[in-house]
Amino acid sequence: MQGEDSFQIPAGTEGDSFPLMEINTGETEASEQWDYVLVADHRTQRNTRQAQQQQQFLEELKRKGFHYKMIEDHEKVFFGIRADSRVFDLYRTLLMEPEGPAARVQPTRPTPVPATTRIRIVNFVLNSKTAAGDTLEDLVKRGIFETRFALHKGEEDLKKKWAQWRNMVHTQPIDDIRDYFGEKVALYFAWLGWYTYMLVPAAVAGLIIFLSGFSLFNASQISKEICEAHDILLCPRGDHSRRYQQLSDTCTFAKLTHLFDNEGTVLFAIFMALWATVFLEIWKRQRARVVLHWDLYGWDEDQEEMALELINCPEYELRPYQHSYLRSTVILILSLLMICLMIGIAHLLVVYRVLAAAYFNSALLFREEQVTTAVVVTGALVHYVAILIMTKINKFVALKLCDFEKPRTFSERESKFTVKFFTLQFFAHFSSLVYIAFILGRINGHPGNSVRLAGLWKLEECHLSGCMMDLFLQMAIIMGLKQTLSNCAEYLGPWLSHKCRLMRSKLSPASRDPELRDLQRNYLLNPVNTFSLFDEFMEMMIQYGFTTIFVAAFPLAPLLALFSNLVEIRLDAIKMVRLQRRLVPRKAKDIGTWLQVLETIGVLAVIANGMVIAFTSEFIPRVVYKYHYGPCRQGARPAVDCLTGYINHSLSVFYTKDFQDSVQIEGSENVTECRYRDYRSAQDYSLSEQFWVLLAIRLVFLILFEHVALCIKLIAAWFVPDVPQSVKNKVLEEKYQALREKMRYGRLRPGWGGARPRPDPQQCHSCL
């Protein structure tokens with residue numbers, strides 16, 4: 001960038017309403033005229049070098065067609081920045097269709113430039129490199145300026161119609177949000193509103209599945225057998241349990257497990273796969289309508305960024321697309337190392353659960369039957385804390401990887417950062433759940449020959465009522481904590497910070513200048529950054545993952561997400577309008593890479609839910625017993641429940657004489673055998689024939705489930721067009737009218753000379 005050259009702008013509209021302003025001219029200007037505000041501490045004015053760097057930066061802005069004014073209070077110096085109207089004339093010229101009829105017709109009156117456009121252009125120029133090679137961010141880091149922000153102005157309507165808790169169930173004013181915060185923020189709230197609306201049928205379906213378990217709370221044959229099994233003793237499950245336990249002691253948990261592990265689970269998982277597809281397909285249609293309404297259907301982001309670069313520097317040279325296999329290889333290796341770290345943290349959580357079980361037992365903090373529940377609950381809390389820590393680390397690593405990759409534009413950088421950060425966050429959030437769903441309790445060996453960690457501590461077992469209870473508790477705790485604590489912190493943090501800043505400001509005398517008071521009011525709001533909106537999107541993507549990926553184990557997830565989103569929409573609105581400085585508007589015609597993230601989550605949800613039903617749930621063993629081993633294998637018997645005897649069939653036998661230290665087990669004198677959850681032979685404790693039959697059927701079911709669910713998704717995606725026909729017809733009509741206008745102004749020149757009379761439509765086959 002040639003910062004020393006003057007900025008040559010073609011002549012614009014005469015009669016510029018904003019006069020050229022020098023510093024300290026003494027002219028009165030309303031603060032609403034400032035596009036942007038820079039803030040510096042008073043001490044910088046006493047530092048000759050810092051004051052000189054400030055002046056150099058401001059003078060360079062002046063050469064680019066900007067005006068500024070310095071306004072002081074007793075602590076801070078505010079620099080109001082406003083762009084000359086000729087800057088926006090150039091912006092219009094660069095983005096105008098070169099052969100369109102508008103190029104020939106000049107408007108009789110200049111159209112006002114939207115505030116979002118003014119702020120976006122000024123922000124781009126301010127954050128570009130100066131002649132000295134510095135950016136505004138560099139100057140802020142060195143203390144030359146303290147901060148910068150766009151002014152909140154005209155937000156009263158949004159405060160009344162949108163940013164209030166009492167408007168929680170009201171329709172969002174998306175057009176007003178777009179006019180104030182720009183298209184990117186408006187599309188976020190449009191998507192979030194549609195996501196919340198679509199959660200209603202998913203929440204109702206999940207609630208029905210959950211409540212249907214209540215109707216069979218006492219009628220389930222399996223629960224009856226467990227509750228009446230007073231003569232069946234379970235083997236000691238770990239080092240914390242050194243006594244035999246009656247199977248009937250697990251009666252309550254068996255009934256609770258049936259609330260979410262019943263025959264409706266499979267249908268609900270398929271329903272959620274269809275729901276995820278329909279949600280995305282209809283959102284694409286909604287987006288198309290909104291973007292057409294905003295006249296952005298044909299908008300090109302690359303063209304926009306090149307126009308902004310040319311406005312900032314006429315000598316700007318185009319940066320071509322580049323790809324380095326070496327950089328990609330390094331980034332891939334580093335990303336895999338970070339993923340391995342996430343998996344390692346999941347293993348550390350496993351170690352914690354094993355050690356916590358041993359500690360809780362030795363310290364006598366809980367009764368023996370409570371140790372497993374305590375380990376699950378505290379493990380979920382530790383997992384939540386680990387997620388908070390790894391989120392900060394993942395963001396730092398993803399940023400460094402993006403910087404190393406050297407993306408061409410800001411939008412490309414944002415897209416690459418989104419993919420990297422979400423990938424790392426996905427493993428941070430879901431690796432522990434994957435362990436609980438598919439590994440916990442499956443590598444432990446059997447009584448008398450247990451697998452031990454470091455040869456000392458026995459690995460953790462699933463809950464007495466099955467691994468689905470562990471997964472349900474983990475999902476409930478993480479989702480509950482993440483929704484409740486995150487929303488509280490997201491609101492209380494900015495609210496308390498803003499109140500503290502206001503209290504400190506009241507210690508100083510108030511200014512009588514309304515313009516200065518407005519600048520001070522905006523300065524006291526909480527700062528925003530590039531990630532302010534990004535973090536909101538990421539929060540919703542993780543929530544969407546919890547809502548869909550393991551929904552078979554936690555059918556109440558859509559209901560919790562619905563309640564959370566109703567709060568989230570108003571919380572974000574209040575935060576953006578009342579507690580934070582104004583976000584820099586950004587132009588957009590879609591939600592970008594986040595759409596691909598949502599589609600990826602949809603596919604992962606099909607795979608994960610299929611695996612949960614096949615390997616974690618008791619659905620497959622129940623169905624196999626019902627039609628292959630149970631009393632109904634020869635046909636239905638009205639007087640007998642087809643699951644009669646299932647509990648005895650699903651528990652393996654272990655002879656207590658094979659315990660290495662049976663004398664240390666309480667009550668072992670009169671016990672010759674105990675039972676445990678597995679399919680093993682009673683002679684040598686090897687895996688039985690039933691185990692291999694079940695494994696084969698589980699795999700067949702998984703393949704069938706995933707293919708059926710994915711086919712349903714593909715059919716739904718084909719059946720619901722991405723773009724409504726009304727939108728396509730509207731765009732087609734606009735193209736047709738543009739061509740007719742070109743013909744009218746003689747721009748479409750045929751191969752023959754002169755004008756040709758219009759043919760009769762009856763003689764023109766193309767008009768038929």
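Residues numbered from 1 in each chain as written. Predicted model: local features only at pLDDT ≥ 70, side-chain atom pairs only at ≥ 80, totals over all residues. Heavy atoms only, no water.

**Comments concerning the sheet that holds strand β2 (residues 66–72)**
Here is step 1: Spatially, 4 strands are ordered β2-β3-β1-β4 in an open sheet, and the strand pairing comes out antiparallel. In the strand order of this sheet, the two ends are held by β2 and β4 (147–149), each with one partner. Put simply, the sheet's adjacent strands are angled 20° from each other on average, direction ignored.
Here is step 2: When strand β1 (residues 36–41) meets strand β3 (residues 76–83), the two strands line up antiparallel, connected through 6 bridges. Residue pairing across strands places Ala40 opposite Val77, the latter belonging to β3.
Here is step 3: Against the sheet, helix α2 (residues 48–63) contacts β1, β2 and β3, and its axis sits at roughly 145° relative to β2. (Pairing = 2+ DSSP bridges. Helix = DSSP H or I, 4+ residues; strand = E, 2+ residues; numbered from the N terminus. Axes fitted to C-alpha atoms, helices over the stretch in contact; angles between N-to-C directions. Contact = heavy atoms within 4.5 Å.)

**Quick look at the side chain of Thr117**
Here is step 1: Residue position: Thr117 is located in helix α4 (residues 115–126).
Here is step 2: Not counting residues within four places of it along the chain, the set of residues in contact with Thr117 comprises Phe88 and Tyr91.

**What about the packing of aromatic side chains?**
Here is step 1: A full pass over the atoms with the stated rule returns 38 aromatic pairs.
Here is step 2: Between Phe619 and Phe701 the ring centres are 6.0 Å apart and the planes differ by 50°, which places this aromatic pair in the tilted class. Within this pair, whereas Phe619 is found in helix α21 (residues 619–629), its partner Phe701 is found in helix α23 (residues 689–719), the two being separated by 82 residues in sequence.
Here is step 3: Owing to a relative accessible area of 16%, Phe619 belongs among the buried residues under this scheme.
Here is step 4: The lysine or arginine in question, Arg582, covers the ring of Tyr180, its NZ or CZ lying 3.9 Å from the ring centre. (Phe/Tyr/Trp six-rings, centres within 6.5 Å; stacked < 30°, edge-to-face > 60°. Buried < 20%, exposed > 50% of the residue type's maximum accessible area, 1.4 Å probe, protein only. Lys NZ or Arg CZ within 6 Å of the ring centre and 35° of its normal.)

**So, a nonpolar patch on the surface**
Here is step 1: A grouping of Val385, Leu388, Ile389 and Ile393 is seen on the molecular surface, where their side chains present a nonpolar patch of about 330 Å² in accessible area.
Here is step 2: Within the secondary structure layout, Ile393 lies in helix α14 (residues 368–405). (Patch = residues over 30% accessible without salt bridge, like charges linked within 9 Å, V, L, I, M, F, W, Y side chains within 5 Å. Areas by Shrake-Rupley, 256 points an atom, 1.4 Å probe, with all protein chains shown as cover. Salt bridge = Lys/Arg side-chain N within 4 Å of Asp/Glu carboxyl O.)

**Considering the environment of Arg637**
Here is step 1: Tracing the backbone shows Arg637 in the loop between α21 and α22 (646–650).
Here is step 2: The class for Arg637 is partly exposed, based on a relative accessible area of 44%.
Here is step 3: The contact partners of Arg637, leaving out residues within four places of it in the chain, are Pro631 and Cys632.

**Points about the nonpolar core**
Here is step 1: Counting 125 residues, the largest nonpolar core has Phe181, Trp191, Tyr195, Trp275 and Phe550 as the members making the most contacts within it.
Here is step 2: At 17 residues, the largest contribution of residues to this core is made by helix α8 (residues 183–215).
Here is step 3: Those residues in contact with Phe181, other than ones at most four positions away along the chain, are Thr116, His152, Leu158, Trp162, Met576, Val577, Arg582, Leu583, Pro585 and Arg586.
Here is step 4: In terms of nonpolar packing, the next biggest core, distinct from the first, is built from 30 residues, Leu38, Ala40, Ile144 and Ala150 among them. (Core = buried A, V, L, I, M, F, W, Y, C linked by side-chain atoms within 4.5 Å.)

**Notes on the state of the cysteines**
Should the sulfur atoms of two cysteines be covalently bonded, the bond is a disulfide.
Here is step 1: Counted according to the given criterion, the structure contains 3 disulfides.
Here is step 2: The disulfide partner of Cys227 is Cys251, and the gap between their sulfur atoms is 1.8 Å. Taking the sign of the S-S torsion, 75° for the link of Cys227 and Cys251, the bridge is right-handed. A residue pair is termed long-range when its members are at least 10 positions apart, and Cys227 in helix α9 (residues 221–227) and Cys251 in helix α10 (residues 251–260) qualify at 24 residues. We note that Cys227, like Cys251, is buried.
Here is step 3: Across a sulfur-sulfur distance of 2.0 Å, Cys632 and Cys642 are joined as a disulfide pair. Torsion about the S-S bond of the Cys632 and Cys642 cystine: about -85°, corresponding to left-handed handedness. Placement of the pair is Cys632 in the loop between α21 and α22 and Cys642 in the loop between α21 and α22, with a sequence separation of 10 residues. For the pair Cys632 and Cys642, one class covers both residues: buried. (Disulfide = S-S within 2.5 Å.)

**Structural notes on the confidence of the model for the protein chain**
Here is step 1: When pLDDT is averaged along the protein chain, the result is 81; 86% of the residues meet or exceed 70.
Here is step 2: The low-confidence segment residues 1–32, where pLDDT is below 50, has 64 contacts with residues more than four positions distant or belonging to other chains.
Here is step 3: Low confidence marks residues 97–108, where pLDDT is under 50. Its contacts with residues over four positions away, or in another chain, come to 14 contacts. (pLDDT = per-residue confidence, 0-100.)

**Things to note about the packing of helix α20 (residues 594–616) against α23**
Here is step 1: Taken N-terminus to C-terminus, the directions of α20 and α23 make an angle of 150°; their axes are 9 Å apart at the nearest point. Here α23 runs roughly antiparallel to α20, going by the angle between their axes. Between α20 and α23 lies a crossing of right-handed hand. Within the contact between the two elements, α20 uses Gly602, Val606, Ile607, Asn609, Gly610, Met611, Ile613, Ala614 and Phe615 and α23 uses Leu695, Arg698, Leu699, Phe701, Leu702, Phe705, Glu706, Ala709, Leu710 and Lys713. (Parallel < 35°, antiparallel > 145°, perpendicular 65-115°, else oblique. Left-handed = near helix turned anticlockwise from the far one by under 90°.)

**Points about the pattern of salt bridges**
Here is step 1: Enumeration according to the criterion identifies 34 salt bridges in this entry.
Here is step 2: A salt bridge links Glu137 to Arg148; the shortest N-O distance between them is 3.0 Å. Remark: Arg148 occurs in strand β4 and Glu137 occurs in helix α5 (residues 136–141); sequence separation between them is 11 residues.
Here is step 3: On the accessibility criterion, Glu137 (33% relative accessible area) is partly exposed.
Here is step 4: Two residues, Asp678 and Arg680, come together in a salt bridge whose shortest N-O distance is 2.9 Å.
Here is step 5: Each of Lys153, Glu155, Lys159, Asp518 and Arg521 takes part in one network of salt bridges that share partners.

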